[in-house]
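Summary of structural features
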Amino acid sequence: MSYVRQTRLGISKKLVLYVMLILLFILLGTGSALFLSNRTGTTMENSHTAAKEQNMMSVVRANRNIQAGEIADALKFEIAQVPTGIVPPGAVGSLQQLQNKRVSVEIRDKEFLLQSDLVESGDWYEVGDRLIEHTFQEGAIPLTVAVGSIVDIKLFRVKELDSVVITKAVVIGKSNQTLSFYLNETEQENIKEASTEGQLFLVQYLDKSQEASAVTYLPQYSHENKALGIKAASKFGDTNMSGGE
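Anyway, here's the lowdown on the structure attached to this text.

Reading the values: rules and limits
- In every chain, residue numbers begin from 1 and rise along the written sequence.
- In view of the model being predicted, local features appear only for residues whose pLDDT reaches at least 70, and side-chain atom pairs are presented and counted only at 80 or more, with totals across whole chains, interfaces and linings using the full set of residues.
- No hydrogens and no water enter the side-chain calculation; it runs on all heavy atoms of the structure.
- Only DSSP runs of H or I reaching four residues or more are called helices, and only runs of E reaching two or more are called strands; each is numbered from the N terminus.
- Contact criterion: two residues are considered in contact whenever any of their non-hydrogen atoms come within 4.5 Å of each other.
- Note on areas: Shrake-Rupley, 1.4 Å probe, and residue coverage restricted to the protein chains presented here.
- For this analysis, a ring pair means two rings from Phe, Tyr or Trp (six-membered ring only for Trp) whose centres lie within 6.5 Å, classed as stacked if their planes differ by under 30 degrees, edge-to-face if by over 60, and tilted for the remaining angles.
- Think of it in three bands: with a 1.4 Å probe and only protein chains considered, a residue is buried below 20% of the maximum accessible area for its type, exposed above 50%, and partly exposed in between.
- Criterion for a charge above a ring: Lys NZ or Arg CZ within 6 Å of the ring centre, and within 35 degrees of the ring normal.
- DSSP bridges decide pairing: two strands pair if at least two such bridges lie between them.
- Geometry is summarised by axes, namely lines fitted to C-alpha atoms with helices restricted to the contacting stretch, and by angles between N-to-C directions that run from 0 to 180 degrees.
- Only one rule defines a salt bridge in this text: a Lys or Arg side-chain nitrogen within 4 Å of an Asp or Glu carboxyl oxygen.
- What the arc covers is the set of directions going from the helix axis to the C-beta atoms.
- Whenever two N or O atoms come within 3.5 Å, that pair is a polar contact, provided that in protein one can donate a hydrogen and the other can accept it, and provided that, for residues adjacent in sequence, both atoms are side-chain atoms.

1. Things to note about the overall build of the protein
- Scanning the protein from terminus to terminus reveals 4 helices and 10 strands.
- Order of helices (α) and strands (β) in the protein, N terminus to C terminus: α-β-β-β-β-α-β-β-β-β-β-α-β-α.
- Of the contacts made within the protein by residues no fewer than 6 positions apart, 63% connect residues no fewer than 24 positions apart.
- Looking at the protein as shown, the accessible area adds up to about 16600 Å², and 57% of this sits on carbon and sulfur atoms.

Dropping the structure here:
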């Protein structure tokens, strides 16, 4: 009987050992599977993050509303990381590109800044320029003219060639038929006089790189002064004043 008990006891120990080994293998297998799964998941997540980062790019956008003509101060803009697919062509990608620049159009808060929105600081206005407004007649302003557009102001007179009154002026404000410009003293005088002689209208430049038109307008009072000068020269025999050749 003692031998039988010992034999059964030995068998029981072996069974327990086998069961423990089996459980150990199961645990090891499960642990390995979980480790591989987590590692694969982490790898996939990292790959997804990397791919997502590759599809992002830095762009400059406004952090407030900015009026046309303002200095492109870096404090008025911010760098944002946005999906490549929503970035418009010509978007500015660095604050360094704002140096010595002005914005040529009105820019709203969070709006992307484009290269075409920037002009050299000195191109916007010159010393002696003043802000003036002029209201044009219906149909005198092309539909495409907006704040930042570059235009010639021309004069229409019946049975005469159209004269260029002001050349390559930047529109800095627009309200219906009223436009704002920075003009020097001569330009201010010319637009005032020309508006009494006929109808002023605008023609728009395609881009700022185009060469400026030649100013061909001569105010009526200049014609009269010239005529008086010629008459006086004729009276006193001064052929030089008459423009003699």
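2. A look at the packing of aromatic side chains
- Scanning all chains against the criterion turns up 1 aromatic pair.
- Look at Phe136 and Phe181: their rings are 6.4 Å apart centre to centre, the planes differ by 80 degrees, and that puts the pair in the edge-to-face class. Of this pair, Phe136 sits in the loop between β5 (130-135) and β6 (150-156) while Phe181 sits in strand β9 (residues 178-183), and the two are 45 residues apart along the sequence. Phe181 shares its class with Phe136; the two are buried.
- One cation-aromatic arrangement involves Lys168 over Tyr205; the distance from NZ or CZ to the ring centre is 5.7 Å.

3. Points about the pairing of strand β7 (residues 163-170)
- Here β7 lies mainly inside the structure; 7 of its 8 residues are buried.
- Pairing analysis gives 5 bridges linking β6 to β7, with the strands arranged antiparallel. Bridge assignment links Ile153 to a residue of β7, and that residue is Ile166.
- Counting the residues in the hairpin turn of β6 and β7 gives 6 residues, including Lys159, whose phi is positive at 60 degrees.

4. Let's talk about the sheet that holds β9
- Here we have 3 strands laid out as an open sheet, ordered β5-β9-β8, and antiparallel in their pairing. With partners counted over all chains shown, the strands left at the sheet margins are β5 and β8 (173-175), one partner each. Taking the axes of each pair of neighbouring strands and ignoring which way they run, one obtains an average angle of 25 degrees across the sheet.
- Summarising the sheet, β8 and β9 pair through 3 bridges and their orientation is antiparallel. Residue pairing in the sheet places Gly173 in a bridge with Ser180 of β9.

5. Notes on the pattern of salt bridges
- Within the structure shown, the criterion is met by 8 salt bridges.
- Between Arg108 and Glu106 there is a salt bridge; the shortest N-O distance is 2.6 Å.
- Overall, Arg108 belongs to the partly exposed group, its relative accessible area being 42%.
- Here the salt bridges share partners, and the residues they tie into one network are Arg61, Glu78 and Lys110.

6. Details of the sheet that holds β6
- Pairing is antiparallel in the open sheet, where 3 strands are placed in the order β7-β6-β10. For this open sheet the edge positions go to β7 and β10 (199-204), each flanked by a neighbour on one side alone. Direction aside, neighbouring strands of the sheet carry axes that sit 25 degrees apart on average.
- Packed on one face of the sheet, helix α3 (residues 185-194) meets β6, β7 and β10 and runs near 130 degrees to β7.

7. Examining the environment of His134
- Tracing the backbone through its elements, the reader meets His134 in strand β5.
- As for His134 and Leu179, which are separated by 45 residues in sequence, their C-alpha atoms are 5.6 Å apart.
- Apart from residues lying up to four places away in sequence, His134 is in contact with Gln177, Thr178, Leu179, Ile191, Ser195 and Leu200.

8. Let's talk about α3
- Burial in α3 covers these residues: Glu187, Asn190, Ile191 and Ala194. Angularly, the buried residues of α3 cover 95 degrees about the axis, an arc narrow enough to put them on a single face.
- Near the N-terminus of α3, the side chain that reaches the backbone nitrogen of Thr186, with its oxygen 3.2 Å away, is that of Asn184.

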